[in-house]
Amino acid sequence: MAYNLCSSPSSLYKPLCNTPSSSSRDSKSRNLNNNFHHSSKINTLSSQSRTTSLQITNVSLQDEEIPRQETSKDSNFKEKTGSSSKSYIWVNPKSSRASILRKSSYDAKYTSLVNAAKYLNSCSPNKDDVFNVLSKFDDKLLEQDAVVILNNMSNPDTALLALKFFQERLKFNRVVVVYNVTLKVFRKGRDLDKAEKLFDEMLERGVKPDNFTFSTIISCARLCNLADKAVEWFEKMPSFGLEPDDVTFSTMIDSYGRAGNVEKALSLYDRARTGEWRLDATAFSTLIRIYKVAGNFDGCLNVYEEMKALGVKPNLVIYNILLDAMGRAKRPWQVKKFYQDIIDNGLSPSFVTYAALLHAYGRARYGDDAFKIYREMKEKGLGLNVVLYNSILAMCADLGHVDKAVEIFEDMKSSGIKPDSWTFSSMITIFSCCGEVSEAENTLNEMFEAGFQPNIFILTSLIQCYGKAQRIDDVVKTFNRSFELVITPDDRFCGCLLNVMTQTPNEELSKLVKCVERANPKLGYVVKLLVEEQDREGNFKNEATDLFDSISTEVKKAYCNCLIDLCIKLNMLERACELLDLGLTLEIYTNIMSRTSTQWSLNLKSLSPGAAMTALHIWMNDLSKVLEAGEQLPPLLGINTGHGKHKYSEKGLANVLESYLKELNSPFHEAPDKVGWFLTTKVAAESWLESRKSTDAAAA
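Residues numbered from 1 in each chain as written. Predicted model: local features only at pLDDT ≥ 70, side-chain atom pairs only at ≥ 80, totals over all residues. Heavy atoms only, no water.

### Thoughts on the overall build of the protein chain
Turning to step 1, where the next piece is worked out: Counting its secondary structure elements, the protein chain contains 34 helices and seven strands.
Turning to step 2, where the next piece is worked out: Among the 700 residues that make up the protein chain, the fraction classed as buried is 52%.
Turning to step 3, where the next piece is worked out: At a minimum sequence separation of 6, the contacts of the protein chain that also span at least 24 residues come to 67%.
Turning to step 4, where the next piece is worked out: With an accessible surface of roughly 32,500 Å², the protein chain has 48% of that area assigned to carbon and sulfur atoms. (Helix = DSSP H or I, 4+ residues; strand = E, 2+ residues; numbered from the N terminus. Buried < 20%, exposed > 50% of the residue type's maximum accessible area, 1.4 Å probe, protein only. Contact = heavy atoms within 4.5 Å. Areas by Shrake-Rupley, 256 points an atom, 1.4 Å probe, with all protein chains shown as cover.)

### Brief notes about the sheet that holds strand β6 (residues 669–670)
Turning to step 1, where the next piece is worked out: The five strands are arranged β3-β4-β5-β7-β6 in an open sheet whose pairing can be described as mixed. The strands lining the two open edges of the sheet, one partner per strand, are β3 (593–595) and β6.
Turning to step 2, where the next piece is worked out: With respect to the sheet, helix α32 (residues 609–628) is in contact with β3, β4 (599–603) and β5 (636–640), its orientation differing from that of β4 by roughly 155°.
Turning to step 3, where the next piece is worked out: Contacts from helix α33 (residues 653–663) reach β5, β6 and β7 (677–681), with the element oriented near 30° to β7. (Pairing = 2+ DSSP bridges. Axes fitted to C-alpha atoms, helices over the stretch in contact; angles between N-to-C directions.)

### Quick word on the nonpolar core
Turning to step 1, where the next piece is worked out: Residues F166, L616 and I639 are the most contacted members of the largest nonpolar core, which totals 199 residues.
Turning to step 2, where the next piece is worked out: Of all the elements, α32 adds the most residues to this core, at nine residues.
Turning to step 3, where the next piece is worked out: Residue contacts for L616: discarding those within four places in its chain leaves L602, I639, L657, Y660, L661 and L664. (Core = buried A, V, L, I, M, F, W, Y, C linked by side-chain atoms within 4.5 Å.)

### As for the confidence of the model for the protein chain
Turning to step 1, where the next piece is worked out: With 81% of its residues at a pLDDT of 70 or more, the protein chain has an overall mean of 81.
Turning to step 2, where the next piece is worked out: Scored below 50 in pLDDT, residues 1–88 makes 217 contacts in the model with residues more than four places away or belonging to other chains. (pLDDT = per-residue confidence, 0-100.)

### Quick word on the packing of helix α8 (residues 175–188) against helix α9 (residues 192–204)
Turning to step 1, where the next piece is worked out: Taken N-terminus to C-terminus, the directions of α8 and α9 make an angle of 170°; their axes are 9 Å apart at the nearest point. Considered as vectors, α8 and α9 are oriented roughly antiparallel to each other. Relative to α9, α8 is oriented so that their crossing is right-handed. For the pair formed by α8 and α9, the contact residues are V176, Y179, T182, L183 and F186 on the first element and K194, A195, L198, E201 and M202 on the second. (Parallel < 35°, antiparallel > 145°, perpendicular 65-115°, else oblique. Left-handed = near helix turned anticlockwise from the far one by under 90°.)

### A look at the side chain of K184
Turning to step 1, where the next piece is worked out: Structurally, K184 can be placed in helix α8.
Turning to step 2, where the next piece is worked out: We classify K184 as buried; its relative accessible area is 1%.
Turning to step 3, where the next piece is worked out: A polar contact of 2.9 Å, which involves the side chain of K184, links it to the side chain of N151. (Polar contact = N/O pair within 3.5 Å; in protein donor to acceptor, adjacent residues only side chain to side chain.)

### Notes on helix α14 (residues 281–293)
Turning to step 1, where the next piece is worked out: Over its 13 residues, α14 runs 18 Å from end to end, which matches the ideal 18 Å to within 8%, given 1.5 Å per residue.
Turning to step 2, where the next piece is worked out: The buried fraction of α14 is high, at eleven of 13 residues.
Turning to step 3, where the next piece is worked out: Just downstream of α14, G295 is the residue with a positive phi angle, here 80°. (Expected span 1.5 Å × (residues − 1).)

### Concerning the packing of aromatic side chains
Turning to step 1, where the next piece is worked out: Summed over all chains, the structure comprises 19 aromatic pairs.
Turning to step 2, where the next piece is worked out: Pairing F165 with F166 gives two aromatic rings, centres 5.8 Å apart and planes at 80°, and the pair type is edge-to-face. In terms of burial, F165 and F166 fall into one category: buried.
Turning to step 3, where the next piece is worked out: Put simply, the rings of F199, F214, W233 and F240 touch in pairs and so form one group of aromatic residues.
Turning to step 4, where the next piece is worked out: Directly above the aromatic system of W677 lies the positively charged group of K674, at a separation of 4.4 Å from the ring centroid. (Phe/Tyr/Trp six-rings, centres within 6.5 Å; stacked < 30°, edge-to-face > 60°. Lys NZ or Arg CZ within 6 Å of the ring centre and 35° of its normal.)

### Looking at the pattern of salt bridges
Turning to step 1, where the next piece is worked out: Enumeration according to the criterion identifies 25 salt bridges in this entry.
Turning to step 2, where the next piece is worked out: Note that K413 is salt-bridged to E410, the shortest N-O span being 3.3 Å. Of this pair, K413 and E410 are both found in helix α21 (residues 402–414), three residues apart, which corresponds to roughly one turn of the helix.
Turning to step 3, where the next piece is worked out: E410 gets classed as partly exposed once you look at its relative accessible area, which sits at 42%.
Turning to step 4, where the next piece is worked out: Salt bridges sharing partners connect three or more residues here, namely D157, D191 and K194. (Salt bridge = Lys/Arg side-chain N within 4 Å of Asp/Glu carboxyl O.)

### Comments concerning unusual backbone geometry
Turning to step 1, where the next piece is worked out: Not every positive phi belongs to a glycine, and V486 is a case in point at roughly 55°.
Turning to step 2, where the next piece is worked out: The phi dihedral of N665 falls on the positive side, at around 55°, and the residue is not glycine.
Turning to step 3, where the next piece is worked out: You can see N665 is positioned in the loop between α33 and β6.
Turning to step 4, where the next piece is worked out: Of the residues examined, N665 reaches a relative accessible area of 63% and is grouped as exposed.

### Things to note about the packing of α8 against helix α10 (residues 211–223)
Turning to step 1, where the next piece is worked out: Close contact between α8 and α10 brings their axes to 9 Å; oriented N to C, the two are set at 5°. One way to sum up the angle between α8 and α10 is to call them roughly parallel. Contacts from V176, N180, L183, K184, F186 and R187 of α8 reach α10 at F212, T213, T216, I217, S219, C220 and L223.
Turning to step 2, where the next piece is worked out: In the contact of α8 with α10, the residues fall into seven nonpolar, four polar and two charged. (Nonpolar A, V, L, I, M, F, W, Y, C, P; charged D, E, K, R; others polar.)

Written out as structure tokens, the structure reads:
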């Protein structure tokens, strides 16, 4: 499985640290003897004590924490290891002999054991050196001493030699514990091969592995990015009579997810919930990631809520995954909520956090929020990479933030980040959409100097740029250049040519017709029927239908809008109505007209200006037919053009329609409390439609 922004191996593969204590675990999960270690921790002696009394500590097999308290099992430990309780005495700190007694206490010995482990981590991995270090303890080594030394080691090679030393000199009461602590060293060193070989040695010596043996090897496999190996070891557990516990369940949910076996991961999760096992944050992060990759963003939120209900506190990794998931879902309001949760919980946003925020706000076109995060990253010294710069520049291109894009582009270069082809593509798109030809050409030359050749996206933008500037000969040159670069025109490229035609003077249209014919013969034929008025046999509708059947769904509406705009430009209203009707029949346009008992509406939000005026023309005719049939209009009629203006145009659809409605002397007026809506009453509409009918009759 692939994981994006939020995939942080260092944090996702860290040893599990949410291991519950023995008192909180379900008794059915434990088949281990209640002597040397009953929970996930094995007992050793404390080196740090607030008083001079001697205390027993826990050395964790699952994490690095060493709690400093004595448990009820410590007495068992002493008995099993041959350590008499009489050896552990309380020292009165006021006694004149306190300093002498401390030197002979186990605290002093514990410190020497830890120092020995540190030395073994750095010494040569040969038998003589390792044995010489350990021989200094004479014959006074106890079983717990071996555990302390191995637990503090991180060098797999010297740890193996140390284990051999202890095996030759000590008789262990709980051999599996010593092996488990050694396996933990291999996990620290990410050495799965040695761990597997030591496991084989355990079996040869007749040592039965326990849950911690398997959980350590499985987590070692995860640290080595070998999810399949982790799965393999997990599936061996039943053959040894072992049932997975909560730690193993958490580990394996993550491992199955990384191995691509989503069904098994989710099955384990259901099993864990049914068995009331306590899962840790790592398991939940994997589940959320699984749903994110599958595109089930509601599933991500459900797992998050279940996690909170179970009392598992989200960590930064989980929040980062959720930010990325909600960004992909284009739910910026939830992105904001999770970011606020991060701050409220006292977590420090990481680079991954900011990257997820930038991507999320960029996708949602939340310009102000994206710029705020950008500034915050700069203030904190978190340098952006080329991917993040491209993300924010692409947003600028979509929103038309030209000045901001130029500023960020210059900042990118001054920061030492080299622009790539996508960077130049965004900048050329920004200048092209604004019709700033010289800036677009300068950026193109800069791109050449950087060693990049224009791709189809850049050529598409340049064609749009030259079209806005009415430089049709340059449009043709750019089109021909695509063939020189062996770039095959796609549907969007052809759609751009078609859009340029709607802005081109009629006398120059023939130049572009040839280009369109070469790029897409079917589209070229339909355009030719319109421009050259050659449809004497009435084949236009059939040819247009064949065209829409041959192009991708993503561009059908854009093609239909442009063809209708071209019809309006050429004063071919009948053809425009025919195309709109075809668009409705093929469901290219949906929900344009809606009716309720109180209001009839015309929804023009997804239409181009020409298509919107065509739809208005058809709607007015329908309203007239309703009156002619003696039917009643509703109390309110409305036209919805959507919010705001076009991002690169001073003449948005609302402005275009407002001017057109004034020309028609219509009773529709912009609603002060509903942006983009033009409303009128039944009485005003009926009066206006009757007057139009009279005017049309007089003209006839």
